[in-house]
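Here's the letter readout for the chains.
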Amino acid sequence: MIIKNVEIVDVHGSRPGNIVIQEGVITDLDYQGDDYNEEIIEGSGYTIMPSFIDLHCHLREPGYEYKEDMESGMKAALRGGYTHVCAMANTKPVIDNIELVKKNHDKSKKLGLCDLTQICALTKNFGKEYVEFKEIMQETKVFSNDGVNVNERETMERALAYSKALDFLILSHCEPEVETVRRDLDILKEIPGNLHICHVSEHETINIIRLAKDQGIEVTCEIAPHHIFESEVDYKVNPPFGREQDRKALIRAIKEGTIDICATDHAPHSKEDKDQGAPGISNIEVAFPMYWKVFNENNLSLEKLSEMMSYKPAKMLDLNCGEIAVGKEANLVLVNTEKEYLMDINKFISKSKNNPFHGTIIKGEILMTIKRGVIKYDNR
Ligand code: DOR
Ligand code: ZN
């Protein structure tokens, strides 16, 4: 496949190119030769970026397939420009053993849509007893009780010690946010561990993380699109929408580099469940245009967004993608970065349409999503 006359944007910058893909891998960025016999994609006027990698979403399988299943969630993800998603473990039953992790990995391979990192619970059924880390690490190196807080300090202390000893990653849902982030970072001063903080939403949390990073503590964190898109929205999500001051602090924290990752926290729920108070927003299809609108308004670059949506998550998951270079997997997204349009939840492929920003202007349209050289979504 050849993608011609396209603007290449990734963490390393922006430059024009002609990308050649052979057997799923990028083999040339500046091809000038004869191109008959190849599948040619005319990219002029468009931008090609590394496809996105979501460190945090909910695909609801097993048990809540009426909200989302792997197939609908991954098709939605591809529409949003993602080729790799990490799915949280707050399913029914909770994914807390190797069989359940493997079952989802096998299913995802069969589907052939996105690549999947199935996250496993940190503790059995989100209780006090740890899962079988060593055994489960044959399938996944990411553990999280997302959806609920790890309440006991000691549980987090020992989990962090294990994460370092065995080399796995903990994604921490902190609720209440400020207190729990303070506690977790306090633990890290004594006990080094591999900790990533989910969906940071408050000004004060940013201050705590910045201070810890300044002191040399190794920790990473993410945001979700809705928390920088708008403040004080009356719509249930955990963590809740912040004040305008919080939103501004998050944007400043992106600029200064305190926030590492732009995730989604895609949390599909049926209308009935939302009416009963289920927290969350269905957003994986519109995460990029939500982020890009806010980045654009705040003089943050597309390169920076690419770093936060692709490059850094690839590094954290140890994937050979997330940037556009010879030898990297051809996981790419073709984008019209200039297009502004209204979000339409009725176009969602996701089974769930719970997003409060229906009818709001967003920026940047995904035209095509390519995974290892194969077109998985095409909207040209
Ligand atoms: O809003 C949220 N929804 N926050 C969470 O932590 C969990 C998620 C869900 O699973 O619906
Ligand atoms: Zn969470």
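Residues numbered from 1 in each chain as written. Chains lettered and ligands numbered in written order. Predicted model: local features only at pLDDT ≥ 70, side-chain atom pairs only at ≥ 80, totals over all residues. Heavy atoms only, no water.

An unreviewed UniProt entry annotates the protein as Amidohydrolase family protein of Alkalibaculum sporogenes. Heading Sequence similarities (unreviewed entry) of the UniProt record for the protein holds this comment: "Belongs to the metallo-dependent hydrolases superfamily. DHOase family. Class I DHOase subfamily." (UniProt positions renumbered as here; feature names shortened; annotations may be inferred.)

Asks: Any chance you could explain the overall build of the protein here in plain terms?
Replies: Helix and strand content of the protein: 11 helices and 16 strands. In terms of principal-axis extent, the alpha carbons of the protein reach across some 65 × 45 × 45 Å. Out of the 380 residues belonging to the protein, those deemed buried represent 60%. For the protein, the accessible area works out to roughly 15300 Å², and carbon and sulfur atoms hold 46% of it. Distance between charge centroids for the protein: 2 Å, based on 46 positive and 63 negative side chains. (Helix = DSSP H or I, 4+ residues; strand = E, 2+ residues; numbered from the N terminus. Buried < 20%, exposed > 50% of the residue type's maximum accessible area, 1.4 Å probe, protein only. Areas by Shrake-Rupley, 256 points an atom, 1.4 Å probe, with all protein chains shown as cover. Lys, Arg positive; Asp, Glu negative; His and termini not counted. Charge placed at Lys NZ, Arg CZ, Asp CG, Glu CD.)

Asks: Even after reading the chapter, I still don't get the environment of Tyr31, so can you show me in this structure?
Replies: Structurally, Tyr31 can be placed in the loop between strand S3 (25-28) and strand S4 (40-42). Tyr31 sits in the partly exposed class, given a relative accessible area of 27%. The spatial distance from the C-alpha of Tyr31 to the C-alpha of Val20 is 6.8 Å, given a sequence separation of 11 residues. The residues contacting Tyr31, other than those within four sequence positions of it, are Ile2, Asn18 and Val20. (Contact = heavy atoms within 4.5 Å.)

Asks: Hey, could you run me through the pattern of salt bridges in this one?
Replies: If the charged atoms of two oppositely charged side chains come close together, the side chains can form a pair. This structure, assessed with the given rule, holds 34 salt bridges. With its nearest N and O atoms 2.7 Å apart, the salt bridge here joins Arg210 to Glu256. Here Glu256 lies in helix H8 (residues 244-256) and Arg210 lies in helix H6 (residues 203-214), a separation of 46 residues in the sequence. By relative accessible area, Glu256 is classed as partly exposed at 42%. Across the pair Glu340 and Lys363 runs a salt bridge whose closest N-O atoms are separated by 3.9 Å. With Glu340 in strand S14 (residues 332-342) and Lys363 in strand S15 (residues 361-371), this residue pair connects regions lying 23 residues apart in the sequence. Classification of Lys363 by relative accessible area gives buried; the value is 8%. Each of Lys213, Asp260, Lys304, Glu307 and Lys312 takes part in a single network of salt bridges with overlapping partners. (Salt bridge = Lys/Arg side-chain N within 4 Å of Asp/Glu carboxyl O.)

Asks: Would you mind showing me how to read the site of ligand 1 here?
Replies: Taken together, 14 residues lie near ligand 1, and Arg60, Asn90, His173, Asn238 and His269 sit nearest. A distance of 2.9 Å separates an oxygen atom of ligand 1 from a polar atom in the backbone of Asn238. Among the residues forming the shell around ligand 1, the class breakdown is 3 nonpolar, 8 polar and 3 charged. (Near = heavy atom within 4 Å. Polar contact = N/O pair within 3.5 Å; in protein donor to acceptor, adjacent residues only side chain to side chain. Nonpolar A, V, L, I, M, F, W, Y, C, P; charged D, E, K, R; others polar.)

Asks: Teacher, can you tell me more about the side chain of Asp54 here?
Replies: Position of Asp54 relative to the elements: it lies in strand S6 (residues 52-57). Buried charged residue Asp54 carries no salt bridge. Nearest counter-charge: Arg60, at 12 Å. In terms of polar contacts, Asp54 uses its side chain to reach the backbone amide nitrogen of His56, at 3.1 Å. Look past the residues within four positions of Asp54 in its chain and what remains in contact with it is Tyr82, His84, Val85, Cys86, Ala263, Thr264 and Ile284.

Asks: How should I be thinking about the coordination of the zinc ion (ligand 2) in this particular structure?
Replies: Ideal coordination angles are 109.5 degrees for a metal with four donors arranged tetrahedrally and 90 or 180 degrees for a metal with six donors arranged octahedrally. Every protein donor of the zinc ion (ligand 2) is listed here as Asp146 (OD), His173 (ND1) and His199 (NE2), and their distances to the metal cover 1.9 to 2.2 Å. For the zinc ion (ligand 2), the donor residues sit on a single chain with the sequence spacing D-x26-H-x25-H. Pair noted here: His173 is in the loop between strand S10 (169-172) and helix H5 (177-190) and His199 is in the loop between strand S11 (195-197) and H6, with a separation of 26 residues, a long-range link. When sorted by exposure, His173 lands in the same class as His199, which is buried. (Donors = N, O, S within 2.8 Å, 3.2 Å for Na, K, Ca; no water.)

Asks: Quick question: what am I supposed to make of the UniProt feature "domain: Amidohydrolase-related" (unreviewed entry) in the protein here?
Replies: When the UniProt feature table is mapped onto this chain numbering, "domain: Amidohydrolase-related" (unreviewed entry) sits at residues 47-366. The span residues 47-366 carries 37% helix and 17% strand; its end-to-end C-alpha distance comes to 10 Å.

Asks: Would you mind going over the side chain of Ser172 with me for this structure?
Replies: Tracing the backbone shows Ser172 in strand S10. Taking the relative accessible area as the measure of exposure, Ser172 reaches 3% and is therefore buried. A polar contact of 3.0 Å, which involves the side chain of Ser172, links it to the side chain of Asp184. Look past the residues within four positions of Ser172 in its chain and what remains in contact with it is Met156, Asp184, Leu195, His196, Ile197 and Cys198.

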